[in-house]
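# Structural description and commentary
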Amino acid sequence: MKRTEPLEIYQPTSVNEACRIIKQSGPGGHFLAGGTDLIIAIKEKGWVPRYVVDLKRIPSLSEILTNSDGSLVLGALTTMREIEISPLIRDRYPFLAQSAAEVGSIQIRHRATIGGNMANATPSADVAPALIALDAKAKISGENSERIVALEKFFVGPGKTLMKPDEILTALIIPPHPATLRGEYIKFSPREMMDLAYVGVAVALAMDERKKVKHVRIALGAVAPIPMRARKAEAIVLDQILSEEIAEQAGGEAAKECSPISDVRSSADYRREMVRVNTKRALLNAASEHWRPTSWVERRDRRY
Amino acid sequence: MKKKIQLTLNGKKTILEAPAHRLLLDLLRDEIGLTGTKEGCGTGDCGACTVFLNGKPVNSCLILSGELDGAELVTIEGLKIGPELHPIQKAFIQDGGAQCGYCTPGMLMMAKALLDENPNPTEEEIRFALSGNLCRCTGYAKIIQAVQDAAKEIRQAARR
Ligand code: FES
Ligand code: FES
């Protein structure tokens, strides 16, 4: 296996310092969070960074906080494992915890961070659809600057985001949601573990007392250049009672909206068909009364 | 560019100099001489290189030495309790949990991570915890048996 070429490593202790280092040192540098994408890119894709800026010494980036308005702030260095086991996230947004648990192995999840995963903008990232279904925002910081954009708009293409080279994704912010919000994330992949999604479907919805859907977000991963919302499918479900027929129709619409590619993993046609089926399942699972998955086995059995 | 790194390695304070780009796996094996940790894939897929970094199991093939200053590391060489093998090691020997033995250090580290958190795991929980560890001899049934037996032994020892 290939080894890393010599490089310089910087360990700033503030966001400003990190941005300054990248500005001053120029091209050929890379931010480093958990390293589970970067080191693999160096080994497999032949990347040769001249220097890396390790963000892990910046304390403010690794916190999970609740704001007084009920919004949840996930520091960019929050690991996938922390999201998977956080009692707060498991209680409020179990499907987000579940999407994090779908990533790699436990060892990988102890290193891989939510910010690194989003900043690398892999179309199949499991957490992205769950966060988009929750209307998450990306907080982007530069030297003495800050802006907040919808995560949906943050991605612009495979591996591309709207950040400038000297900007850092510092947090993901989940706005407040009613306690009645429920959700589901289904990762559809050939192997149960240690694999990438063929298709990922996240659903978040809230219903009124008469079971009419009053709020719904459907987000898809791995079936377009970027994680996407299935807006036409959402429109079918909104203000309806979520019957099997409605869910089926929404699935069909989501399959039309997405734009998957054919590759070694799967054909575009198959991916579309799996979007149809899994969008339907995710909607029905999210709406179902009495079932909150806890263990991996329960989640797995529910998928099929 | 060499960088000075302070570590607690298997309980001992250690100061060493290493190039920032040196992988933790290579640092352990080639510079420190702890060859128990293995490289299977080099890309985070097999778990043979699992060590504990600040108490958490991680893939040492994906970590740069330059990230490590101040870290606490435990490798397979640090699993023993004094001169005694760890109950997980004993159970692997007793149950035939190792064939060629290449995946074994990683399996043992991950089994320890699991049993520290959950002393009474179900078979499914063991499979879930070990899903990032590949055994190319495919001795999974005996590995799982060994983890169950180790868990039992550790629970009994706690009651004694
Ligand atoms: S060698 Fe590190 S996971 Fe395979
Ligand atoms: S015992 Fe040979 S690889 Fe597991």
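Residues numbered from 1 in each chain as written. Chains lettered and ligands numbered in written order. Predicted model: local features only at pLDDT ≥ 70, side-chain atom pairs only at ≥ 80, totals over all residues. Heavy atoms only, no water.

Along chain B, the regular secondary structure elements total five helices and five strands. Going from N to C terminus, chain B has its helices and strands arranged as β-β-α-β-β-β-α-α-α-α. Expected size for 160 residues packed as a compact globule is a radius of gyration near 15 Å; at 16 Å, chain B falls within 12% of this value. Counting only C-alpha atoms and orienting by the principal axes, one finds that chain B spans roughly 50 × 35 × 25 Å. Going through the 160 residues of chain B one by one, you find that 52% of them count as buried. When contacts within chain B are restricted to residue pairs at least 6 apart in sequence, those whose partners lie at least 24 apart make up 55%. (Helix = DSSP H or I, 4+ residues; strand = E, 2+ residues; numbered from the N terminus. Rg over C-alpha atoms; globule rule 2.2 N^0.38 Å. Buried < 20%, exposed > 50% of the residue type's maximum accessible area, 1.4 Å probe, protein only. Contact = heavy atoms within 4.5 Å.)

Turning next to the nonpolar core. As a rule of thumb, nonpolar side chains are buried together in soluble globular proteins. All names here are of chain A. Membership of the largest hydrophobic core comes to 55 residues, with the highest contact counts inside it found for Leu-96, Met-118, Val-127, Leu-131, Leu-151, Phe-154 and Ile-174. Element by element, the count of residues in this core is highest for helix H8 (residues 127-133), at six residues. Discounting residues that sit within four places of it in the chain, Met-118 has contacts with Ala-125, Val-127, Ala-128, Leu-131, Leu-151, Phe-154, Phe-155, Thr-161, Leu-169 and Leu-172. (Core = buried A, V, L, I, M, F, W, Y, C linked by side-chain atoms within 4.5 Å.)

Our focus in this paragraph is the interface of chain B and chain A. Contacts between chain B and chain A engage 36 residues on the former and 36 residues on the latter. In this structure, the connection of chain B to chain A is made through five salt bridges. The salt bridge partner of B:Asp26 is A:Arg3, with a shortest N-O separation of 2.7 Å. For the pair chain B and chain A, the interface holds 12 residue pairs in polar contact (both at pLDDT 80 or more). Elements with a contribution of two residues or more to the side of chain B that touches chain A: helix H1 (24-32), strand E3 (50-53), strand E4 (56-59), helix H3 (104-117) and helix H4 (123-129) of chain B. Among the elements that make up the side of chain B that touches chain A, the one with the highest residue count is E4(B) (four residues). Class assignment for the residues of the side of chain B that touches chain A results in 16 nonpolar, 11 polar and nine charged. (Salt bridge = Lys/Arg side-chain N within 4 Å of Asp/Glu carboxyl O. Polar contact = N/O pair within 3.5 Å; in protein donor to acceptor, adjacent residues only side chain to side chain. Nonpolar A, V, L, I, M, F, W, Y, C, P; charged D, E, K, R; others polar.)

Here the focus is the environment of A:Gly104. Residues and elements named next belong to chain A. In this structure, Gly-104 sits in the loop between helix H5 (94-101) and helix H6 (106-111). On a C-alpha basis, the gap between Gly-104 and Thr-36 in space is 9.8 Å, while along the polypeptide they are 68 residues apart. Apart from the residues within four sequence positions on either side, Gly-104 is in contact with Arg-109 and Met-194.

Below, the discussion takes up the side chain of A:Glu253. Residue and element names in this part refer to chain A. Relative to the elements of secondary structure, Glu-253 occurs in helix H11 (residues 244-257). For Glu-253, a relative accessible area of 19% puts it in the buried group. In this view, Glu-253 contacts Lys-232, Ala-233 and Ile-236; residues no more than four positions away in its chain are not counted.

Attention now goes to the sheet that holds strand E14 (residues 228-229) of chain A. By definition, the strands of a sheet pair up through backbone hydrogen bonds, in either a parallel or an antiparallel sense. Residues and elements named next belong to chain A. The four strands are arranged E11-E12-E13-E14 in an open sheet whose pairing can be described as antiparallel. One side of each edge strand has no neighbouring strand; the edge strands of this open sheet are strand E11 (182-188) and E14. As defined by bridge partners, strand E13 (residues 213-221) adjoins E14 across two bridges and the pair is classed as antiparallel. Paired with Leu-220 across the two strands is Met-228, which belongs to E14. (Pairing = 2+ DSSP bridges.)

Let us now look at the environment of B:Thr104. Residues and elements named next belong to chain B. Among the secondary structure elements, Thr-104 is positioned in helix H3. Under the relative-accessibility criterion, Thr-104 is labelled buried at 10%. Measuring from C-alpha to C-alpha, the distance between Thr-104 and Ala-48 comes to 7.3 Å, with 56 residues separating the pair along the chain. Contacts of Thr-104, omitting those with residues within four sequence positions, involve Phe-92 and Ala-98.

Let's shift gears to the sheet that holds strand E2 (residues 29-32) of chain A. Residues and elements named next belong to chain A. Strand order in the open sheet formed by three strands is E1-E3-E2, with parallel pairing between adjacent strands. The open sheet has two edge strands, strand E1 (8-10) and E2, and neither has a second partner. The mean inter-strand angle of the sheet, taken between neighbouring strand axes irrespective of direction, is 25°. By the bridge criterion, four bridges tie E2 to strand E3 (residues 51-54) in an arrangement that is parallel. Looking at E3, one finds that His-30 is bridged to Val-52. Strand contacts of helix H1 (residues 15-25): E1, E2 and E3, with the helix running at about 170° to E3, the strand carrying the most contacts. (Axes fitted to C-alpha atoms, helices over the stretch in contact; angles between N-to-C directions.)

To continue, consider the packing of H11(A) against helix H12 (residues 268-287) of chain A. All names here are of chain A. The contact between H11 and H12 brings their axes to 7 Å, and the two run at 145°. The interaxial crossing formed by H11 with H12 has right-handed handedness. Facing Glu-244, Ala-247, Glu-248, Ala-250, Gly-251, Gly-252, Ala-254, Ala-255 and Lys-256 of H11, the residues of H12 in contact are Arg-272, Val-275, Arg-276, Thr-279, Lys-280, Leu-283 and Leu-284. The residue makeup of the contact of H11 with H12, split by class, is seven nonpolar, three polar and six charged. (Left-handed = near helix turned anticlockwise from the far one by under 90°.)

Our next topic: the domain arrangement of chain B. Residues and elements named next belong to chain B. The assigned domain composition of chain B is domain 1 (2-78) and domain 2 (87-159). Here domain 1 and domain 2 have C-alpha centroids that lie 22 Å from each other. Opposite the 15 residues of domain 1 that make contact, domain 2 presents 12 residues. Of the roughly 1,100 Å² buried at the junction of domain 1 and domain 2 (both faces included), carbon and sulfur atoms supply 69%. (Domains from an automatic or database assignment. Buried area = accessible area lost by both parts, 1.4 Å probe.)

At A:Asp135, a position not held by glycine, the phi torsion is positive, near 60°. You can see A:Asp135 is positioned in the loop between H8 and strand E6 (137-142).

This part covers the packing of H3(B) against helix H5 (residues 140-159) of chain B. All names here are of chain B. Where H3 meets H5, the closest approach of the two axes is 11 Å, and the angle between their N-to-C directions is 45°. Considering the angle they form, H3 stands oblique to H5. Judged by the twist between their axes, the crossing of H3 over H5 is right-handed. Across the interface between the two elements, Met-107, Ala-111, Leu-114 and Leu-115 of H3 pack against Tyr-140, Ile-143, Val-147, Ala-150, Ala-151 and Ile-154 of H5. Grouping the amino acids of the contact of H3 with H5 by side-chain chemistry returns 10 nonpolar, no polar and no charged. (Parallel < 35°, antiparallel > 145°, perpendicular 65-115°, else oblique.)

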